[in-house]
Amino acid sequence: MLLILVFSVQRGIAQEENTESSGAPVVLDSLIRVDSLAQEEKLIVPEKVFKPNPKRAILYSALVPGLGQIYNRKYWKLPIVYGGFMGCVYAITWNNGMYQDYSTAYIDLMNNPNSTLWHDFYAPGTNFENVDIESVKRTLKSRKDNFRRFRDLSIIVTAGLYLLTILDAYVDAQLFDFDISPDVGMKVTPAYFDRSGTNARAYGLQCNIKF
């Protein structure tokens, strides 16, 4: 009787161990499935769509010309922007240099009639004995004023280009996600107009815009 009881107890313990060992893979498999579902949910999360801020585009473009275009991801406009500024800077520098040269020669000639500084504006070997000094003064003054005018105009153009880059960055940021329909079109056809109650007739063109 004692042997039968011991055998039944050992058998019960063995069954419990089998149950625990068989349940472990089930729990592990459930954990793996939960983790895989969590990873799939992370992958399904949509990426944030880029939308530039117009105020930030204005600020960047005002601080550094062209930086607003970079912020709006309009990289193809950079050669135009920097090419325009390089041309304006060259025009300002060259016209200002010529203005300074003619201004210095004119002032020196006005203060000293025997000055020879203005000789540098003539070709080598020029005979200056028969040159009319009054005519030289008028020429120096005229060229001095012209180069000063060109320098000032170049500065104005540079300022206008600076404002244009800011405006361009703002408009690009505002219309960044503007959708242009491919069905946009215009059709012009001849038209006939008959005025009711009168004998007047009119012919013309009818314009239809589709968008």
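Everything quoted here is computed from the prediction, not taken from an experiment. The residue count restarts for each chain, going from 1 along the sequence in the order it is written. Selection of residues for local features in this predicted model requires a pLDDT of at least 70, selection of side-chain atom pairs for listing and counting requires 80 or more, and totals for whole chains, interfaces and linings are taken over all residues. Side-chain figures throughout are based on the complete set of non-hydrogen atoms in the structure, without hydrogens or water.

Enquirer: Just checking my understanding: could you explain the pattern of salt bridges for this structure?
Expert: A side chain of one charge can pair with a side chain of the opposite charge when the charged atoms of the two come close. For this analysis, a salt bridge means a side-chain nitrogen from Lys or Arg found within 4 Å of a carboxyl oxygen belonging to Asp or Glu. Evaluation of the coordinates by the stated rule reveals 7 salt bridges. In this structure, the salt-bridge partner of Lys 137 is Glu 134, at a minimum N-O distance of 3.7 Å. Here Lys 137 and its partner Glu 134 are both found in helix 5 (residues 133-174), 3 residues apart, which amounts to about one turn of the helix. Glu 134 gets classed as partly exposed once you look at its relative accessible area, which sits at 44%. Among the salt bridges present, the one from Asp 145 reaches Lys 144, with a minimum N-O distance of 3.0 Å. You'll find Asp 145 and Lys 144 in the same group, each marked buried. One connected set of salt bridges, linked through shared partners, spans Lys 141, Lys 144, Asp 145 and Arg 148. We count a stretch as a helix when DSSP gives it H or I for four or more residues in a row; a strand needs E for two or more, and each element gets its number in order from the N terminus. Only protein chains enter the accessibility calculation, which uses a 1.4 Å probe. A residue is then buried if its area is under 20% of the maximum for its type, exposed if over 50%, and partly exposed in between.

Enquirer: I'm lost on a nonpolar patch on the surface in this one. Help?
Expert: Together, Leu 59, Leu 63, Val 64, Leu 67, Ile 70, Tyr 75 and Tyr 82 make up a nonpolar patch on the protein surface, roughly 630 Å² of accessible area in all. Counting only elements with at least two residues in the nonpolar patch, the list comes to helix 2 (54-63) and helix 3 (67-71). Note that Leu 67 resides in helix 3. Candidate patch residues must exceed 30% relative accessible area and have no salt bridge, after which like charges are joined if within 9 Å and Val, Leu, Ile, Met, Phe, Trp or Tyr side chains if within 5 Å. Per-residue and other accessible areas were derived by the Shrake-Rupley procedure at a 1.4 Å probe size, with only the shown protein chains allowed to occlude residues.

Enquirer: Sorry if this is basic, but what is going on with the nonpolar core here?
Expert: For soluble globular proteins, the rule of thumb is that nonpolar side chains tend to be buried together. In this text, buried Ala, Val, Leu, Ile, Met, Phe, Trp, Tyr and Cys residues form a nonpolar core when linked through side-chain atoms within 4.5 Å. By size, the foremost hydrophobic cluster in this structure holds 9 residues: Tyr 99, Tyr 102, Ala 105, Tyr 106, Leu 109, Trp 118, Val 136, Leu 140 and Phe 147. Secondary-structure elements contributing two or more residues to this core are helix 4 (78-111) and helix 5. In this structure Tyr 102 touches Phe 121, Leu 140, Arg 143, Lys 144 and Phe 147, once residues within four positions along its chain are discounted. Any two residues whose heavy atoms approach within 4.5 Å are treated as being in contact.

Enquirer: Would you take a moment to explain the packing of helix 4 against helix 5 for this structure?
Expert: In helix packing, the relevant descriptors are the interaxial angle and the interaxial distance, both defined with respect to the helix axes. At a minimum axis distance of 8 Å, the contact between helix 4 and helix 5 shows a crossing angle of 155 degrees. Relative to helix 5, helix 4 is oriented roughly antiparallel. Viewed along their axes, helix 4 and helix 5 form a crossing whose handedness is left-handed. Note on geometry: axes are lines fitted to C-alpha atoms, helical ones only across the stretch in contact, with angles between N-to-C directions running from 0 to 180 degrees. In this scheme, roughly parallel covers angles under 35 degrees and roughly antiparallel covers those over 145, while 65 to 115 is roughly perpendicular and the rest are oblique. For any helix crossing, the convention is left-handed if the near helix is rotated counterclockwise from the far helix by under a right angle, and right-handed if that rotation is clockwise.

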